Amino acid sequence: MGSIEESSFSELNKDLDYDVLIIGAGLSGMYSLHRMHQLGLRTKILEAGGDVGGTWYWNRYPGARFDSESYSYNFSFSQEILDEWNWSEHFASQPETLRYCEFVCKKLDLRRDMQFDTRITAAYFQDETNAWLLKDEQGRQYTSRFLVTCIGILNNYTMPNIPGVHDYKGEAYHTARWPSVPVSFENKRVAIIGTGATGIQATQEIVKTAGHLTVFQRTPNWSLPLRNAPISPEEMDEIRSQYPEIFRKCAESYSCFMHVSDTRNTLEVSPEERQTFWDDLYEKRGFEKWLGNFGNINTNKEANDLFSDFVANKIRQRVKDPWTAETLIPKCHGFGTKRVPLESGYFEAYNQPNVRLIDVKSNPIECISKKGIRTRDEDFEFDIIIYATGFDAVTGSFTAIDFQGVGGIKLKDRWVEGPRTFLGLFVEGFPNMTMVMGPHQMFGNIPRSVEYAVSWVSRFIEYCRDHHITFAETTHQGVLDWTEHVHNCAVGLLANDVDSWMTGVNKNLAHKQKRIIARYQGPAPGYRKLAEDVATRNYEDLIMK
Ligand code: N01
């Protein structure tokens with residue numbers, strides 16, 4: 001039996017299909033659904049994919065795995081799940097992570113309220129009823145009081161804007177839509193376009209079996225060793241006993257990782273001490289090399305140049321052919337100004353005789369032909385072409401759906417000059433809609449940010465339930481102030497001077513050539529403090545009725 005609050009809230013929503021609709025069954029959607037179940041609300045997840053997992057459902061390309069430590073990436077809210085789930089590697093592979101998602105779903109009995117193969121194409125706020133109306137690809141409709149978007153920041157994948165992409169007659173795959181049946185590279189001539197985190201992971205795996213692999217690189221990346229290793233049962237027990245400490249560290253750190261930056265100024269440390277520090281750091285696991293580094297490599301160009309030079313020398317030591325080594329070293333952006341990919345033998349892959357790097361800056365791709373790829377200097381034939389060409393990130397997940405708010409205002413029009421939000425959770429003119437991992441939110445180590453955002457949204461919906469609130473919207477001033485704050489937090493970070501998905505640029509899309517401030521770049525504890533203040537003030541910053 002539900003409480004008085006639940007039953008009277010549902011009574012207010014009795015003409016609607018649901019109290020809360022959630023779009024997306026990734027980590028955000030799964031945890032949101034669990035919290036809505038705890039609130040006793042009538043809830044449904046609508047998910048485009050055929051099963052749970054979100055990112056981990058779609059991105060099943062060879063070599064896909066965590067770049068965050070497995071045990072800092074999992075949910076922390078359920079002791080039972082923490083007690084029962086064992087990770088087999090420090091950085092889990094995609095199949096293991098997908099199994100984890102399935103395990104969580106079963107444990108929390110989530111599937112009963114999940115509807116798969118349901119791609120939402122439109123979400124319209126209904127002014128007359130203060131409710132949301134969602135439409136899917138098949139024309140079905142769903143109504144609810146609240147809408148929680150859990151659509152991810154890297155979801156809407158993009159094909160390269162190269163002529164002839166659809167003319168190619170061989171096998172072709174985008175990494176974000178990899179088939180669930182195995183793809184064999186045995187004796188095949190394989191091409192991969194793209195050298196971001198995905199292209200790097202795929203390259204180092206595919207090279208193990210491909211007949212020949214050609215990597216088409218437009219921009220090289222500052223990649224560092226992942227240093228993955230198996231986790232023995234004894235080690236897992238040890239990790240389990242450290243979970244409270246791990247989550248405490250993540251909660252206190254700048255971007256929700258286990259790593260804490262060194263507060264010394266790079267330029268005030270002697271060259272010898274710096275070299276020793278960086279040599280030690282290079283041997284460490286995961287993002288420690290980036291996030292445990294001197295903090296001012298992210299803000300000071302001279303400091304950044306020094307560490308970039310250090311990494312460049314590592315690449316030179318690892319890649320035998322000097323032209324290939326130089327081509328793999330970024331020249332136009334500094335270390336960590338784009339999301340740093342982590343690798344396991346990526347650079348050594350180029351020492352294999354069956355691997356070739358093509359620099360498309362000096363030898364541009366002219367077209368994809370029926371049989372392969374034509375560059376200015378050469379015509380290539382391939383059996384398989386892999387597109388690791390990235391995503392229409394952050395706002396792209398939103399523009400893929402026709403969101404319309406009060407009076408039919410379109411979200412894409414509201415964000416034409418870049419996102420404008422309140423706490424990254426609300427948009428002006430879009431009442432009763434909250435975004436988990438919306439723009440202007442803290443991303444960092446995603447599940448840690450997801451857990452906080454879902455917890456905030458759930459407490460907010462609980463408040464609305466208990467106070468019979470059927471309309472909640474951010475104010476114009478709230479959006480102005482938050483957007484200004486987010487922009488102020490971004491000042492001085494070198495990453496904002498570089499084109500990447502993190503600054504909202506996607507060179508394959510004509511409308512996404514201009515940099516924006518897409519994410520919250522202040523410290524995560526600071527973000528949480530401001531969001532908590534709003535909750536403590538009983539959400540009086542919002543218009544509620
Ligand atoms: O995408 P990207 P990604 N012609 O945008 C190139 C997360 N992730 O899928 O840089 C030629 O980074 C493009 O070149 P350029 C992680 O947050 C997480 O690799 O635009 N090349 C670039 O090299 C990551 O940052 C994990 O010049 C073209 C590449 O394609 C994010 O996902 C694992 C091109 C795209 O790189 C996105 O990574 C993997 C064209 N027309 C990813 N168009 C884990 O930790 C694009 N490119 C689990």
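Described below are features of the structure shown in this document. (Residues numbered from 1 in each chain as written. Predicted model: local features only at pLDDT ≥ 70, side-chain atom pairs only at ≥ 80, totals over all residues. Heavy atoms only, no water.)

## Notes on the overall build of the protein
For the protein, the helix and strand inventory stands at 19 helices and 20 strands. The C-alpha atoms of the protein give 24 Å as radius of gyration, which agrees with the globular expectation for 545 residues (24 Å, within 12%). Its C-alpha atoms give the protein principal-axis dimensions of about 70 × 55 × 45 Å. With 545 residues in all, the protein has 60% of them scored as buried. Taking the contacts inside the protein whose residues are at least 6 apart along the sequence as the reference set, 71% of them involve residues at least 24 apart. (Helix = DSSP H or I, 4+ residues; strand = E, 2+ residues; numbered from the N terminus. Rg over C-alpha atoms; globule rule 2.2 N^0.38 Å. Buried < 20%, exposed > 50% of the residue type's maximum accessible area, 1.4 Å probe, protein only. Contact = heavy atoms within 4.5 Å.)

## A closer look at the site of the ligand
Near the ligand there are 27 residues, and of these R65, T198, R218, T219 and W501 occur at the shortest range. Between a nitrogen atom of the ligand and a side-chain N or O atom of N508, the distance comes to 2.9 Å. Relative to its free-state accessible area of 920 Å², the ligand is covered by the protein chains to the extent of 85%. With 3 residues, helix 7 (residues 197-206) is the largest single contributor of residues to the shell around the ligand. Of the residues contributing to the shell around the ligand, the split by class is 11 nonpolar, 10 polar and 6 charged. No fewer than three residues from each of domain 1 (4-52 + 110-156 + 393-540) and domain 2 (171-258 + 308-387) sit in the shell around the ligand. (Near = heavy atom within 4 Å. Polar contact = N/O pair within 3.5 Å; in protein donor to acceptor, adjacent residues only side chain to side chain. Areas by Shrake-Rupley, 256 points an atom, 1.4 Å probe, with all protein chains shown as cover. Nonpolar A, V, L, I, M, F, W, Y, C, P; charged D, E, K, R; others polar. Domains from an automatic or database assignment.)

## Some remarks on the side chain of S397
By the secondary structure assignment, S397 is in helix 15 (residues 396-399). For S397, a relative accessible area of 2% gives the class buried. Within the structure, S397 has its side chain in polar contact with the backbone oxygen of G152 (distance 2.7 Å).

## Quick notes on the pattern of salt bridges
In this structure the tally under the stated criterion is 37 salt bridges. Of the charged contacts in the structure, one is a salt bridge between K512 and D392, with a shortest N-O distance of 2.6 Å. Here the residue K512 occupies a position in the loop between helix 18 (476-490) and helix 19 (524-536), and D392 occupies one in the loop between strand 16 (384-387) and helix 15, the gap between them amounting to 120 residues. One salt bridge connects R537 with D541, and the closest N-O pair in it is separated by 2.8 Å. Judged by relative accessible area, D541 falls into the partly exposed class, the value being 23%. A single salt-bridge network, built from bridges that share partners, covers E80, E84 and K107. (Salt bridge = Lys/Arg side-chain N within 4 Å of Asp/Glu carboxyl O.)

## Regarding the packing of helix 17 (residues 446-466) against helix 19
Look at helix 17 against helix 19: their axes get within 11 Å of each other, and the N-to-C directions meet at 5°. As far as their axial angle goes, helix 19 and helix 17 are roughly parallel. Here Y452, W456 and R459 of helix 17 come into contact with helix 19, specifically with Y527, R528, A531, E532, V534 and A535. (Axes fitted to C-alpha atoms, helices over the stretch in contact; angles between N-to-C directions. Parallel < 35°, antiparallel > 145°, perpendicular 65-115°, else oblique.)

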